[in-house]
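Notes for the structure review
In case you want the letters, here they are:
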Amino acid sequence: METTTISPIPPPVAAHPLAAVRRYFGRWGLIAALAALPIYYGISDLTRGYQAGYVAGHVVMHHDLSKLGFNFAVGLSNGAIWALIAIGYTLVYGIIELINFAHGDVFMIGSFTAVGLWGTLGLGLTTGALGLIGGLIVTLIITMLVTGSLNVLIERVAYRPLRGAPKLAALITAVGFSFILQNVGLLWRGGSPQSVNDLIRTQQAVFTIGGVPIQRGYILAFAVMIPLVFALTWFINTTRAGRAMRATAQDPEAARLMGINVNATISLTFLLGGMLAGAAGLVYALYETNVWYFQGFKAGLIAFTAAVMGGIGNVRGAVLGGLIIGVIQALSDSRLGPQWTEAVVFGYLIAIMVLRPRGLLGEETREAG
Amino acid sequence: MSELRALLREWRAAAGKRLPPWSSRALAGFFIVIGIVLPFGFGSASGFMNATIIALAYAVMSLGLNIVVGFAGLLDLGYVAFYALGAYSLGWFGSGFFFKAQVHVLVSKVASTLPGVHLNFILILIAAALICAAAGAVIGLPTLRLRGDYIAIVTLAFGEIIGDVAVNGQSVHVGGGMTLTAGNLGISAVDAPYFPGIGSFGLLDLRPWYWLIFAILLVVLFVNLRLRDSRLGRAWVALREDEVAAVSMGIPLVKTKLLAYAIGAAFGGMSGAFFGTYYTEVNAGQFQFGFSIFILAMVIIGGLGSIWGAVVGGMVLGYINNYLIPDVLNTLPSKLGFNFQLTEVEFGIFGFLLVIMMVLRPQGLIPERRRRLELTAEIAPADAQLAEAPGTPGGAA
Amino acid sequence: MRRTSAIAALAAVALAVVGCSSSSSSSSSGSSSTSSSGGTVDIYSSLPLQGASTAQTDPMVNGIKLALSQAGGKAGKWTVNYQSLDDSTAAAGKWDPGQTAANARKAATDPKAVYYIGEFNSGASEVSIPILNQAGLPQVSPANTYVGLTTNLPGSAPGEPQKYYPTGVRTYLRIVPIDSIQAASDLIAMKQAGCTKVAVANDKEAYGAGLATLLELEKGYYGVNVVSDTGIDPTAPNFRSYASTIQGEGADCFFFAGIVSNGAVQITKDVNSALPKAKIFGGDGVCTDSYTAASKGGVPASIDPLIECTVATQDLAAYPGGKAFLAAYQAKYGTANPDPYAIYGYEVMKLGLDTIASLGAQGNSKSAVLKALFAIKARNSVLGTYGFDKNGDTTLKAYGLYKVAANGEPVFLKTITPTKTVS
């Protein structure tokens, strides 16, 4: 129905006074919810103290923040792994508005590939340091290529034919592929978690800061994540292909009109996301010394929570979200008990959805505002 | 190909015109009779009967999810939560789990001597439906302002939380030495259904179980058919198609959406209670995310939004999962020279089915009329008045 | 409604087609001759044949088949048709309740079935015993140790064991001593190893949780200080927070009550990282090479010297039929040192065959076999002489303590016969 008035397009969010209050409350409410755990346990550690050992029949209580610091160290390193996976989710969602359910399982395939390559390259517990580093770099490169190609393949086979179809169809296809990949993992290494060699002695402390032992695993996680994130950000911001990605994310039709090969750009996005997931898979295998065919599903949910928390479509947000979720997990593991950690993380996801669906760093959109 | 389809449609329409008006009712009655006498054709405890009972229970569950995802268009990926709550309703109110209580209502003589809460199965069905309806409304609340993908994630999160509570409920004490759930140990030896006059169902004769679930299916089908053609059903479809337009036409958004969640959940709970008593135990390991996808696959493969599609989808996947793959075809790969059994690739087969369905026939086996219009270019002559303006973003198949 | 009629017709046709096709069992049948003397009886075994438990169940099935082949595939005048059923699923990697129930129902509705060997996991038996009880089918487990299945000793849940026997008649027996004895043996072993503070972790299943509970209940009898009993999530990627918690408790010994598939290897690795000198103990659920041998997916070889575990099997050479069994097993399967559970598979099948044979013409009657089993008071077997008490529990009361050899396999250390257990 056509109107004859030339009123401006109404703002996407109603200009209701309460809405402004809700938005303010939403952002600070979320930050308060996130900070609640560390602050509470920090204060509790300082005042009530925590049991740090047993010497000659007496409980040794400490009253400092080093246990909290330890939680943070563990959390940030785990979070670095989730950040790498979350970037894949956020890139894909930003460009084609699809939750790539199979992304977590691509991460799992990355882990499995890495562990398989260790066997092929002969990396074991007795390999010398130089051989180990060389072997791991080769593993990293090959794994990233494998998972990147896998992601591109999935996009080509499953998502591209359904680009015009309702969103539900693509989502279901993603779930279907997730199941297929899980079955591949199941046949590859069986149904129970499999212990793998602790190649880099991941729990060995390298140095100590303020009573918190900094283990090799933490350094590994950040040594892989930081360069990759920088490289990706540089790529998106400076190169032509990166500009094409940003343009397609903003408006695919206009990008096509400007001469950008949208199909190739989307494939490139999937390639980059898959490569990061592969890197995360290798780090996970080295860090946890344990792989499982179902790990991708779990990691995928956590990483998606992280991406949403940071603001979907936003790479910096994905990294921030990943780190935050990692810390929440570590605190929950250590203080509440590991059996409740998953419920806590999902509780936070629901809190985000209620308080601030666009996440911490996200922009307001018509749908999710 | 489309000419052949048009020809078939014409024949069907012509044949339909020649039948008397009561023909569809008679046909329905005929199939109900077939359903009732079916067990007499098979062994009373054969693998086929077992698979049929499970398939019918899945059909009930997929009818429930069909209301949420199909009618109201709310993508719910956490439906396993209602299966869990339904099964636990049975575990709480139909077994010796709460051993400090001594509540017996219309149960068999044997069960009335046992400690715990023992209610008649019909009462438990009602309790399961009510509990799940309440839970459905609670789960639906945060999703009211969100759109499709986010609803999926939030419902998935709720499903996982309920799964966690099921596992960890073992350590949640509710007083008197009793815990909330039995986690992975499972609430075992739950009551079998008991009807005064018929007695308690045994574990060896599957026929009473079959008739029970068949009766439940008929009731749920009836409710679904009435809902679809009711004001509420039409409100759901309106919300699904265009929320803004629906709201501006006066449809109460919150109430309609919450009712969709609640009613869909109630059916899931009823089916969950039946599963709990049929499997004779309620074990937290039964409530995994994969189950939600399984039920969603039934609805989608059957045809989103279509009642008969949900039934067919539920039964087909139930048979494939519980009969075809483990019993009939399990040794097929080894016969072909491979080193694995078919049950090991069950996951993959389901994933493959989902992908194939979405790529080839996204409207499902028995599409709902509107969906067929959306997703394909066909417009049957009888549906001409339902046709929307050309240029809908369909044409995927 | 016209469309629905067409679909319903199609569905009915499909049902008919599917229903008429024969269903094959997911199993392998044993030897069955076409001799015309006497009829056939069916014997079923239901064990987890996928996942980490196969390290124990594959040798068990081998033992079963060895006993059957030594008897020529017959029990007296009856020809035995043996089916090995799998109660595990690939997705779970261990036993599954739905699959267990399906196996039990299959055997329960078979009129020719007279003997059911199963289950391996105590939690699985909780599912199958009620079903088989209703059919009156004798069930003998070669490995279940949870006390609540046959007794109401401390450590069992309220309502046990009656809730597993809806007919009121016992149909379940087992040839391994129950966990009240195993827990006492473990406590003795830990005391002898010099443990001052023991941290226990259990996998929250019937067997693991039950064993951990009994350790707590019996610790006072042997003066062992159990400082904590924690239920763990078997699928957690690591257990470092648990390890640091018990490090804070000052534990010097760690006991894992559970099966290998439930994170046993990972938790041991993490505990060893936090407490490199702590000794590691386990029950029969982990006393197998899929836990102890690095090459089979177990813990690294550096941890092996710290491990001790208990299994019902004692020194095979010391058993009356032990040497003969080892020789026959090696001749048929080529393994010189089978898993400790192999001989239990052998004995559980031999028990069934001998009982059926002793009944002569009554050998195909479930109730006769059941009565005969419960009447056994002194049976000479490869495991020595034993009988069954009125609960169906064996009169054997000793456990074997094992340590890990250089090649990663568990080897017998000594026999432990506890004097005091809960009652």
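Residues numbered from 1 in each chain as written. Chains lettered and ligands numbered in written order. Predicted model: local features only at pLDDT ≥ 70, side-chain atom pairs only at ≥ 80, totals over all residues. Heavy atoms only, no water.

This part takes up the overall build of chain B. Tallying secondary structure elements over chain B gives 16 helices and nine strands in all. For chain B, the spread of C-alpha atoms along the principal axes amounts to about 65 × 50 × 50 Å. When the 397 residues of chain B are sorted by exposure, 57% land in the buried category. At a minimum sequence separation of 6, the contacts of chain B that also span at least 24 residues come to 71%. (Helix = DSSP H or I, 4+ residues; strand = E, 2+ residues; numbered from the N terminus. Buried < 20%, exposed > 50% of the residue type's maximum accessible area, 1.4 Å probe, protein only. Contact = heavy atoms within 4.5 Å.)

Broken down by element type, chain A carries 12 helices and six strands. For 369 residues, the compact-globule formula gives about 21 Å, and the C-alpha radius of gyration of chain A, at 22 Å, lands near that figure. With respect to the three principal axes, the spread of C-alpha positions in chain A is 90 × 55 × 40 Å. Accessible area for chain A stands at about 15,700 Å²; split by element, carbon and sulfur atoms hold 67% of it. Side-chain charges of chain A comprise 22 positive and 15 negative groups, with the mean position of each set lying 4 Å from the other. (Rg over C-alpha atoms; globule rule 2.2 N^0.38 Å. Areas by Shrake-Rupley, 256 points an atom, 1.4 Å probe, with all protein chains shown as cover. Lys, Arg positive; Asp, Glu negative; His and termini not counted. Charge placed at Lys NZ, Arg CZ, Asp CG, Glu CD.)

Right, let's get into the interface of chain A and chain B. Counting residues at the interface gives 43 residues for chain A and 42 residues for chain B. Surface buried jointly by chain A and chain B totals about 4,100 Å² across both partners, of which 74% is contributed by carbon and sulfur atoms. Broken down residue by residue, the surface that chain A buries against chain B is led by A:Ile172, A:Phe179 and A:Met353, which jointly contribute 15%. On inspection of chain A and its partner chain B, the count reaches one salt bridge. Notably, a salt bridge pairs B:Glu160 with A:Lys298, separated by 3.8 Å at the nearest N-O pair. On the surface where chain A and chain B come into contact, there are two residue pairs in polar contact (both at pLDDT 80 or more). Within the residue set of the side of chain A that touches chain B, elements represented by two or more residues are helix H5 (167-189), helix H10 (295-310) and helix H12 (341-355) of chain A. (Buried area = accessible area lost by both parts, 1.4 Å probe. Salt bridge = Lys/Arg side-chain N within 4 Å of Asp/Glu carboxyl O. Polar contact = N/O pair within 3.5 Å; in protein donor to acceptor, adjacent residues only side chain to side chain.)

Contacts between the two partners involve 22 residues from chain C, matched on the other side by 23 residues from chain A. For the pair chain C and chain A, the two sides together bury roughly 1,800 Å², of which 45% comes from carbon and sulfur. Our count for the contact surface shared by chain C and chain A stands at zero salt bridges. At the junction of chain C and chain A, the tally comes to seven residue pairs in polar contact (both at pLDDT 80 or more). Of all the secondary-structure elements, those providing two or more residues to the side of chain C that touches chain A are helix H7 (240-249) and helix H8 (264-274) of chain C. Taken together, the residues that form the side of chain C that touches chain A break down as six nonpolar, 10 polar and six charged. (Nonpolar A, V, L, I, M, F, W, Y, C, P; charged D, E, K, R; others polar.)

What follows is about helix H3 (residues 97-108) of chain C. Taking 1.5 Å per residue as the helical rise, H3(C) with its 12 residues ought to reach 16 Å, and the 16 Å between its terminal C-alpha atoms agrees with that figure. For H3(C), every residue scored as buried is listed here: C:Pro97, C:Thr100, C:Ala101, C:Asn103, C:Ala104, C:Arg105, C:Ala107 and C:Ala108. (Expected span 1.5 Å × (residues − 1).)

Residue and element names in this part refer to chain C. Within the element layout of this structure, Asn-272 appears in helix H8. In this structure Asn-272 comes out as buried when scored by relative accessible area, which is 17%. Dropping the residues within four chain positions of it, Asn-272 is found in contact with Ile-303 and Leu-306.

This part takes up the side chain of C:Asp270. Its place among the elements puts C:Asp270 in helix H8. Classification of C:Asp270 by relative accessible area gives buried; the value is 4%. Leave out the neighbours within four places in its chain, and C:Asp270 touches A:Gln203, C:Asn238, C:Phe239, C:Arg240 and C:Ala243.

Once that is clear, we can look at the state of the cysteines. Residues and elements named next belong to chain C. Across all of its chains, the model carries two disulfides over all chains by this definition. In this model, Cys-195 is linked to Cys-253 through a disulfide, with the two sulfur atoms separated by 1.9 Å. One disulfide, between Cys-195 and Cys-253, carries an S-S torsion of -80° and so falls in the left-handed class. In this pair, Cys-195 is assigned in the loop between helix H5 (179-193) and strand E9 (198-202) and Cys-253 in strand E11 (residues 253-257), connecting sequence segments 58 residues apart. As far as burial versus exposure is concerned, Cys-195 and Cys-253 are alike and both buried. (Disulfide = S-S within 2.5 Å.)

We now examine the sheet that holds strand E1 (residues 94-95) of chain B. Residues and elements named next belong to chain B. Read across the sheet, three strands follow the order E1-E3-E2 without closing on themselves; strand pairing throughout is mixed. Two strands bound the open sheet, and with one partner strand each, they are E1 and strand E2 (102-105). Bridge count between E2 and strand E3 (residues 116-119): four bridges; the pairing is parallel. Each residue of the ladder has a partner; that of His-104, found in E3, is His-118. (Pairing = 2+ DSSP bridges.)

Another point: a nonpolar patch on the surface. All names here are of chain B. Judged by side-chain polarity, Val-103, Val-105, Leu-106, Ile-122, Leu-123, Ile-126 and Leu-130 come together as a nonpolar surface patch covering roughly 570 Å² of accessible area. Where the nonpolar patch is concerned, the elements lending two or more residues are E2 and helix H6 (121-140). If one sorts the elements of the nonpolar patch by residue count, H6 sits on top with four residues. If you trace the backbone, Val-105 turns up in strand E2. Owing to a relative accessible area of 30%, Val-105 belongs among the partly exposed residues under this scheme. (Patch = residues over 30% accessible without salt bridge, like charges linked within 9 Å, V, L, I, M, F, W, Y side chains within 5 Å.)

Let us now look at the confidence of the model for chain A. All names here are of chain A. Per-residue pLDDT for chain A averages 84, and the proportion of residues at 70 or more is 91%. When mean pLDDT is taken per element in chain A, helix H9 (residues 262-288) scores highest with 94 and strand E1 (residues 50-55) scores lowest with 69. For the stretch residues 1-5, pLDDT sits under 50, and the model shows zero contacts to residues farther than four places along the chain or on other chains. Contacts for the low-pLDDT stretch residues 365-369, under 50 throughout, to residues beyond four places or in other chains number eight contacts. (pLDDT = per-residue confidence, 0-100.)

What follows concerns the pairing of strand E6 (residues 113-117) of chain C. Residue and element names in this part refer to chain C. Most of E6 is tucked away: five of the five residues are buried. Direction of pairing for strand E1 (residues 40-47) relative to E6: parallel, over a ladder of four bridges. Across the sheet, residue Ile-43 finds its bridge partner in E6, namely Tyr-115. Pairing analysis gives two bridges linking E6 to strand E7 (residues 139-141), with the strands arranged parallel. Across the sheet, the residue bridging to Ile-117 is Val-140, located in E7. Handedness of the crossover joining E6 and E7 through helix H4 (residues 122-135) is recorded here as right-handed. (Right-handed = clockwise from strand over helix to strand, strands pointing away.)

With that out of the way, let us pick up the sheet that holds strand E12 (residues 279-282) of chain C. Residue and element names in this part refer to chain C. Within the open sheet, the seven strands sit side by side as E10-E9-E11-E12-E13-E16-E17. Their pairing is mixed. Each edge of the sheet is formed by a strand with only one pairing partner; in this case those strands are strand E10 (226-231) and strand E17 (410-416). Strand-to-strand twist in this sheet, taken as the mean axis angle between neighbours without regard to direction, amounts to 25°. Across the sheet, H8 is in contact with E9, E11 and E12; its angle to E11 comes to roughly 170°. (Axes fitted to C-alpha atoms, helices over the stretch in contact; angles between N-to-C directions.)

The next subject is the environment of C:Ser228. Residue and element names in this part refer to chain C. Tracing the backbone shows Ser-228 in strand E10. Note on Ser-228: relative accessible area 9%, which makes it buried. As a C-alpha pair, Ser-228 and Trp-95 span 133 residues in sequence and 27 Å in three-dimensional space. In this structure, Ser-228 is in contact with Val-198, Ala-199, Val-200, Glu-216, Ile-246 and Glu-249, ignoring residues within four places of it in sequence. Here Glu-249 takes part through its side chain, which lies 3.1 Å from a polar atom of the side chain of Ser-228.

Between two packed helices, what matters for the description is the angle formed by their axes and the separation of those axes. All names here are of chain A. Running from amino to carboxyl end, helix H2 (residues 66-96) crosses H9 at an angle of 165°, the nearest separation of the two axes being 9 Å. It follows from the interaxial angle that H2 and H9 lie roughly antiparallel. Seen along the crossing, H2 lies across H9 with a hand that is left-handed. (Parallel < 35°, antiparallel > 145°, perpendicular 65-115°, else oblique. Left-handed = near helix turned anticlockwise from the far one by under 90°.)

Attention shifts here to the packing of aromatic side chains. In this structure the tally under the stated criterion is 44 aromatic pairs over all chains. Relative to B:Phe291, the ring of B:Tyr83 has its centre 4.4 Å away and its plane inclined at 25°; by these criteria the two rings are stacked. Here B:Phe291 lies in helix H12 (residues 289-302) and B:Tyr83 lies in helix H4 (residues 80-93), a separation of 208 residues in the sequence. Judged by relative accessible area, B:Phe291 falls into the buried class, the value being 11%. Geometrically, the ring pair formed by C:Tyr402 and C:Phe412 is edge-to-face, given 5.7 Å between the ring centres and 80° between the ring planes. Linking C:Tyr402 in strand E16 (residues 399-404) with C:Phe412 in strand E17, this pair joins segments that are 10 residues apart in sequence. We classify C:Tyr402 as buried; its relative accessible area is 5%. (Phe/Tyr/Trp six-rings, centres within 6.5 Å; stacked < 30°, edge-to-face > 60°.)

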